[in-house]
Amino acid sequence: MDKIKLILVLTSLDSEKKAREIAETLVKEKLAACVSLFSDVESFYFWEEKLCREKEIFLFIKTREDLFNHLKERLLEIHPYETPEIISLNIDNFYEKYAKWVVDETLHYKSD
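Residues numbered from 1 in each chain as written. Predicted model: local features only at pLDDT ≥ 70, side-chain atom pairs only at ≥ 80, totals over all residues. Heavy atoms only, no water.

Engineer: Whenever I open this one, the overall build of the protein chain confuses me. Can you help?
Structural biologist: Along the protein chain, the regular secondary structure elements total three helices and four strands. Counting helices and strands in the order they occur from the N terminus, the protein chain gives β-α-β-β-α-β-α. By the compact-globule yardstick of 13 Å for 112 residues, the protein chain fits well, its C-alpha radius of gyration being 15 Å. Taking the principal axes of its C-alpha atoms as reference, the protein chain extends roughly 45 × 30 × 20 Å. For the protein chain, the residues scored as buried account for 35% of the 112 residues in total. (Helix = DSSP H or I, 4+ residues; strand = E, 2+ residues; numbered from the N terminus. Rg over C-alpha atoms; globule rule 2.2 N^0.38 Å. Buried < 20%, exposed > 50% of the residue type's maximum accessible area, 1.4 Å probe, protein only.)

Put into C-alpha cells, the structure is as follows:
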C-alpha cells in the first residue's frame, strides 16, 4: 500500500444537477472511488475584474495520486466552467482498510 498514494481532489460547480452528473461519471469510470457533494457553499472571488459571490456545490473526489492527470483531463472535458478549480491534496494519514477500498475501486480505470 505504501507505493500507491491517495489524494483528495476538490472542484466546485454552480449546479447541483451537473455536480451529481460529474460525480456519477467519475465513479462509473473508476477515476474516483467516491465523490462527496457539499451543498450551499458560498464562494467569493474576482472574475473578469468583478467581485462575485455565488452559491456552489463543492465536490470532494477521493482517488489515487497516479490518476490525477487522467482525472484532471476528464474534468476539463465535462466541467462547465471556463477555468474550473481542480486542486489535489495529498492524504498522508488514513485508515488502511479505507485506503485499500479506494485503491480497489479505482484499479479498473482504463485510459484510452
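Once you've had a look at it, read on.
Engineer: I'm lost on the nonpolar core in this one. Help?
Structural biologist: Within soluble globular proteins, side chains that are nonpolar generally end up buried alongside one another. The biggest cluster of nonpolar side chains holds 20 residues, and the ones touching the most others in it are Leu26, Leu59 and Ile61. Of all the secondary structure elements, the ones that give two or more residues to this core are β1 (6–13), α1 (16–28), β3 (50–64) and α2 (68–78). Ile61 has contacts with Ile7, Leu8, Val9, Thr11, Leu26, Ala32, Cys34, Val35, Leu71 and Leu75, leaving out every residue within four places of it along the chain. Among the nonpolar cores identified, the runner-up in size contains five residues, and Leu6, Ala33, Ala99 and Val103 belong to it. (Core = buried A, V, L, I, M, F, W, Y, C linked by side-chain atoms within 4.5 Å. Contact = heavy atoms within 4.5 Å.)

Engineer: Sorry if this is basic, but what is going on with the side chain of Lys62 here?
Structural biologist: Its place among the elements puts Lys62 in strand β3. It turns out Lys62 is buried and unbridged, and the closest side chain with the opposite charge, Glu105, is 13 Å from it. Among the polar contacts listed, one links the side chain of Lys62 to the side chain of Ser36, at a separation of 2.5 Å. Beyond its immediate chain neighbours, meaning those up to four positions away, Lys62 contacts Ile7, Leu8, Ala32, Ala33, Cys34, Ser36, Tyr98 and Val102. (Lys, Arg positive; Asp, Glu negative; His and termini not counted. Salt bridge = Lys/Arg side-chain N within 4 Å of Asp/Glu carboxyl O. Polar contact = N/O pair within 3.5 Å; in protein donor to acceptor, adjacent residues only side chain to side chain.)

Engineer: I tried to follow the layout of surface pockets on my own but got confused; where do I start?
Structural biologist: To find the voids left in a structure, one rolls a probe of water-molecule size over its atoms. Empty space within the largest pocket amounts to approximately 320 Å³. Lining the largest pocket are 13 residues, with Tyr45, Trp47, Glu56, Tyr81 and Thr83 positioned closest to its centre. If you list the elements that add at least two residues to the lining of the largest pocket, you get β2 (34–47) and β3. Here the lining of the largest pocket takes four residues from β2, the largest share from any one element. Residue composition of the lining of the largest pocket, by class: five nonpolar, three polar and five charged. (1 Å grid on protein atoms, 1.4 Å probe; cavity = no way out; pocket = protein on both sides within 12 Å on 5 of 7 lines; lining within 4 Å. Points joined across faces, edges and corners; volume = space filled by probe spheres on them. Nonpolar A, V, L, I, M, F, W, Y, C, P; charged D, E, K, R; others polar.)

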